[in-house]
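Examination of the molecular architecture
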Protein chains: 4
Amino acid sequence: MTESVPSHETSVRVRYAETDAMQVVYHANYFVWFEVGRCDLLRSLGQTYRTIEAAGLMLPVIEAQCDYRRSARYDDELTIHTSGKLLSSARIRFDYEVRRAKDTVVAIGRTVHAAVNRDGRPVRLPAAVREIFG
Amino acid sequence: MTESVPSHETSVRVRYAETDAMQVVYHANYFVWFEVGRCDLLRSLGQTYRTIEAAGLMLPVIEAQCDYRRSARYDDELTIHTSGKLLSSARIRFDYEVRRAKDTVVAIGRTVHAAVNRDGRPVRLPAAVREIFG
Amino acid sequence: MTESVPSHETSVRVRYAETDAMQVVYHANYFVWFEVGRCDLLRSLGQTYRTIEAAGLMLPVIEAQCDYRRSARYDDELTIHTSGKLLSSARIRFDYEVRRAKDTVVAIGRTVHAAVNRDGRPVRLPAAVREIFG
Amino acid sequence: MTESVPSHETSVRVRYAETDAMQVVYHANYFVWFEVGRCDLLRSLGQTYRTIEAAGLMLPVIEAQCDYRRSARYDDELTIHTSGKLLSSARIRFDYEVRRAKDTVVAIGRTVHAAVNRDGRPVRLPAAVREIFG
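Report on the accompanying structure. Computed from a prediction, not measured in an experiment: that's the story for all the values here.

1. Quick word on the interface of chain A and chain B
In many analyses, interface size is given as the accessible surface area lost on bringing the parts together. On the chain B side, the residues contacting the 21 residues of chain A number 21 residues. For the pair chain A and chain B, the summed buried area comes to about 1,700 Å², and 61% of that belongs to carbon and sulfur atoms. Where chain A touches chain B, the interface holds zero salt bridges. Viewed at the interface, chain B and chain A are joined by eight residue pairs in polar contact (both at pLDDT 80 or more). Residue composition of the side of chain A that touches chain B, grouped by class: 14 nonpolar, two polar and five charged.

2. Quick look at the sheet that holds strand β5 (residues 91-100) of chain B
Overall, antiparallel pairing links the ten strands, which are arranged β1(A)-β4(A)-β5(A)-β6(A)-β3(A)-β3(B)-β6(B)-β5(B)-β4(B)-β1(B) in an open sheet. The open sheet terminates on both sides in strands that have one partner only, identified here as β1 (7-13) of chain A together with β1 (7-13) of chain B. Each strand axis lies, on average, 20 degrees off the axis of its neighbour in the sheet, ignoring direction. With ten bridges joining them, strand β4 (residues 77-88) of chain B and β5 of chain B adopt antiparallel strand pairing. Residue pairing for β5 of chain B: Ile80 of chain B is matched across the bridge by Val98 of chain B.

3. Remarks on unusual backbone geometry
With a phi close to 55 degrees, Ala101 of chain B is a non-glycine residue in the positive phi region. Relative to the elements of secondary structure, Ala101 of chain B occurs in the loop between β5 and β6 (104-114). In the Ramachandran plot, Asp75 of chain C falls in the positive-phi region, its phi being about 80 degrees despite a non-glycine side chain. Take Asp75 of chain C: it is sitting in the loop between β3 (61-68) and β4 (77-86). What makes Asp75 of chain C buried here is its relative accessible area of 8%.

4. A closer look at the state of the cysteines
Two cysteines, two sulfur atoms, one covalent bond between them: this is a disulfide. By the definition in use, this model includes zero disulfides over all chains. Cys66 of chain C takes part in no disulfide bond, and the closest cysteine sulfur to it belongs to Cys66 of chain D, at a distance of 13 Å. Exposure remark for Cys66 of chain D: the relative accessible area of 0% places this residue in the buried category.

5. Section: the relation of the copies chain A and chain B
Note on the copies: chain A fits chain B at an RMSD of 0.0 Å, the axial shift is 0.0 Å, and the rotation between them is 180 degrees. When the rotation and shift are considered jointly, the pair of chain copies conforms to a two-fold rotation axis. Closest to the rotation axis within chain A is the C-alpha of Gln65 of chain A, separated from it by 2.1 Å. A share of 100% of interface residues in chain A that are also interface residues in chain B marks the association as one of identical surfaces.

6. Quick look at the packing of aromatic side chains
Summed over all chains, the structure comprises 34 aromatic pairs over all chains. Taking 5.6 Å as the distance between ring centres and 70 degrees as the angle between the ring planes, the aromatic pair formed by Tyr16 of chain A and Tyr49 of chain D counts as edge-to-face. Linking Tyr16 of chain A in the loop between β1 and α1 (29-44) with Tyr49 of chain D in helix α2 (residues 49-54), this pair reaches from one chain into another. In this pair, the class of Tyr16 of chain A matches that of Tyr49 of chain D, namely buried. With a centroid separation of 4.9 Å and 65 degrees between ring planes, the pair formed by Tyr30 of chain C and Trp33 of chain C is classed as edge-to-face. Highlighted residues: Tyr30 of chain C and Trp33 of chain C, both in helix α1 (residues 29-44), separated by three residues, approximately one helical turn.

7. Focus: the side chain of Asp75 of chain B
Within the local environment of Asp75 of chain B, its side chain forms a polar contact with the side chain of Arg43 of chain C, the two groups lying 3.0 Å apart. Reaching out from Asp75 of chain B, the side chain makes a polar contact with the side chain of Arg50 of chain C at a distance of 3.5 Å. Look past the residues within four positions of Asp75 of chain B in its chain and what remains in contact with it is Arg13 and Val14 of chain B together with Arg43, Thr48 and Arg50 of chain C.

8. A look at helix α1 (residues 29-44) of chain B
Residues spaced three or four apart along an α-helix face the same direction, because each turn holds 3.6 residues. Residue and element names in this part refer to chain B. Taking 1.5 Å of rise per residue, the 16 residues of α1 would be expected to cover 22 Å, and the 23 Å separating its terminal C-alpha atoms lies within 8% of that figure. Most of α1 sits out of view: 14 of its 16 residues are buried. Of the residues flanking the end of α1, it is Gly46, one or two places downstream, whose phi is positive at about 90 degrees.

9. Brief notes about empty space enclosed by the protein
Within the structure shown, the criterion is met by one cavity of 30 Å³ or more. Of the volumes computed, that of the largest cavity is approximately 700 Å³. Contributing to the lining of the largest cavity are 28 residues, with Asn29 of chain A, Asn29 of chain B, Ala17 and Asn29 of chain C together with Asn29 of chain D lying nearest its centre. Counting residues per element, the ones that place at least two in the lining of the largest cavity are α1 of chain A, α1 of chain B, α1 of chain C together with α1 (29-44) of chain D. In terms of residue class, the lining of the largest cavity is made up of 16 nonpolar, four polar and eight charged.

10. Topic: the sheet that holds strand β5 (residues 91-100) of chain C
Pairing is antiparallel across the open sheet formed by ten strands, whose spatial order is β1(C)-β4(C)-β5(C)-β6(C)-β3(C)-β3(D)-β6(D)-β5(D)-β4(D)-β1(D). The sheet is open, and its two edges are formed by β1 (7-13) of chain C together with β1 (7-13) of chain D, each paired on a single side. Between one strand axis and the next, the sheet turns through 20 degrees on average, direction left out of account. Two elements, strand β5 (residues 91-100) of chain D and strand β6 (residues 104-114) of chain D, share ten bridges in a ladder whose sense is antiparallel. Paired with Phe94 of chain D across the two strands is Thr111 of chain D, which belongs to β6 of chain D.

Rules used throughout
Residues numbered from 1 in each chain as written. Chains lettered and ligands numbered in written order. Predicted model: local features only at pLDDT ≥ 70, side-chain atom pairs only at ≥ 80, totals over all residues. Heavy atoms only, no water. Contact = heavy atoms within 4.5 Å. Buried area = accessible area lost by both parts, 1.4 Å probe. Salt bridge = Lys/Arg side-chain N within 4 Å of Asp/Glu carboxyl O. Polar contact = N/O pair within 3.5 Å; in protein donor to acceptor, adjacent residues only side chain to side chain. Nonpolar A, V, L, I, M, F, W, Y, C, P; charged D, E, K, R; others polar. Pairing = 2+ DSSP bridges. Helix = DSSP H or I, 4+ residues; strand = E, 2+ residues; numbered from the N terminus. Axes fitted to C-alpha atoms, helices over the stretch in contact; angles between N-to-C directions. Buried < 20%, exposed > 50% of the residue type's maximum accessible area, 1.4 Å probe, protein only. Disulfide = S-S within 2.5 Å. Least-squares fit on C-alpha atoms with pLDDT ≥ 70 in both. Phe/Tyr/Trp six-rings, centres within 6.5 Å; stacked < 30°, edge-to-face > 60°. Expected span 1.5 Å × (residues − 1). 1 Å grid on protein atoms, 1.4 Å probe; cavity = no way out; pocket = protein on both sides within 12 Å on 5 of 7 lines; lining within 4 Å. Points joined across faces, edges and corners; volume = space filled by probe spheres on them.

If you want it as structure tokens, here you go:
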């Protein structure tokens with residue numbers, strides 16, 4: 001994958017709590033891993049979502065999507081490849097690929113986030129975030 | 001909304017467990033409510049997902065998507081309007097609209113499910129399900 | 001059960017999201033149902049946890065305990081019997097019994113809560129709560 | 001802490017999904033971290049819960065308890081110190097201490113587990129587990 005957008009890989013191990021009676025990971029939990037992936041991407045770039053919030057900004061998810069290709073099971077070690085791209089000065093999109101071992105793609109997803117202030121009003125993304133992902 | 005597809009409305013009250021530090025519902029939890037909505041839709045049509053699984057069939061989610069329009073908060077009473085539509089003899093799609101009070105749309109989503117047997121192999125949906133949603 | 005303490009019964013249906021790979025409910029989820037039980041108990045007595053928080057008070061859990069007697073499975077309808085009792089002017093204890101059908105006890109638990117203000121400092125429980133559970 | 005029982009330390013970083021509207025970790029999620037702690041303890045001793053289950057044995061939680069001393073917040077790095085001790089040939093107890101930084105104790109808990117076979121009948125713990133924790 002050749003890409004010029006900022007990206008990062010992070011690992012998660014499937015918790016028993018994340019499985020369901022089909023004995024695979026419950027589908028909603030992938031969105032939690034996406035959260036782990038994008039927060040680690042931000043951290044790898046010198047930002048943290050914690051400090052963004054401490055500065056009065058929030059980045060709620062306004063769209064989320066996931067294609068499930070394979071099942072993941074308890075104790076599996078998964079890699080989440082996350083990349084980010086500015087959609088506008090106030091919106092950012094993250095793309096995720098969840099893999100088991102090196103090359104089995106388990107799921108592919110995306111989330112779109114809008115920057116809002118504490119009153120929920122749309123605002124510009126922090127300058128540092130706009131520079132990184134612009 | 002005029003529609004000829006089978007549909008159903010179900011209610012959920014937001015649990016504290018479902019909120020996050022933004023003091024709104026964590027986005028992944030909408031997919032759990034979608035599960036509640038489609039299982040209640042099946043039940044309203046004389047089927048239950050429990051009996052479908054007991055007969056050896058599973059309907060894993062192969063795609064999930066949600067647009068978030070408004071925040072939902074702790075203790076909010078929400079209505080989930082769910083409708084279903086056959087995509088093929090082996091795939092079914094459900095559409096969801098989450099509303100607060102009568103007319104505030106909180107979120108709109110969809111899930112696509114494939115019928116598989118206990119070995120994970122694709123199979124036809126149960127005849128009863130195909131008749132209802134076909 | 002003869003009791004003079006305020007109590008209430010509430011129903012939950014097991015969500016697929018709440019099950020795990022053992023094909024029973026994941027144990028941590030009982031604490032979420034306990035939350036549903038105590039909030040419904042408060043509501044049945046004319047209070048809501050939402051209004052308690054809106055008044056600047058929070059009731060974080062300072063102890064939680066559960067004995068698991070039987071498994072609960074997907075789609076089971078469970079009854080949560082909740083009762084509450086003041087431990088001091090600043091602490092309250094809730095007891096829970098989760099049953100399936102009329103008489104199968106699935107789990108028995110308790111939580112203890114301390115009243116704190118927005119700064120996390122201990123304060124007295126609201127007068128209405130102290131009167132009800134005293 | 002001088003102890004002769006097998007023990008292990010594992011780290012978790014608080015996910016946004018694990019917080020609630022009080023802007024701290026929702027109490028039930030500590031039991032999920034306890035699961036992470038005891039599975040890592042088993043792994044550190046050459047066992048995995050995955051292989052125990054693959055051999056036909058399960059270790060459901062029959063009791064769970066937690067004392068909450070401090071709040072944990074989004075993005076906090078926590079250490080879970082887990083130790084295990086055989087209660088009988090069929091039961092095992094794990095104790096947990098969750099700390100932030102080196103010395104702030106956030107929570108202290110325990111879980112008790114019974115060994116059962118796939119039919120849910122009580123059986124002896126695997127010999128390797130009995131030897132390690134006996």
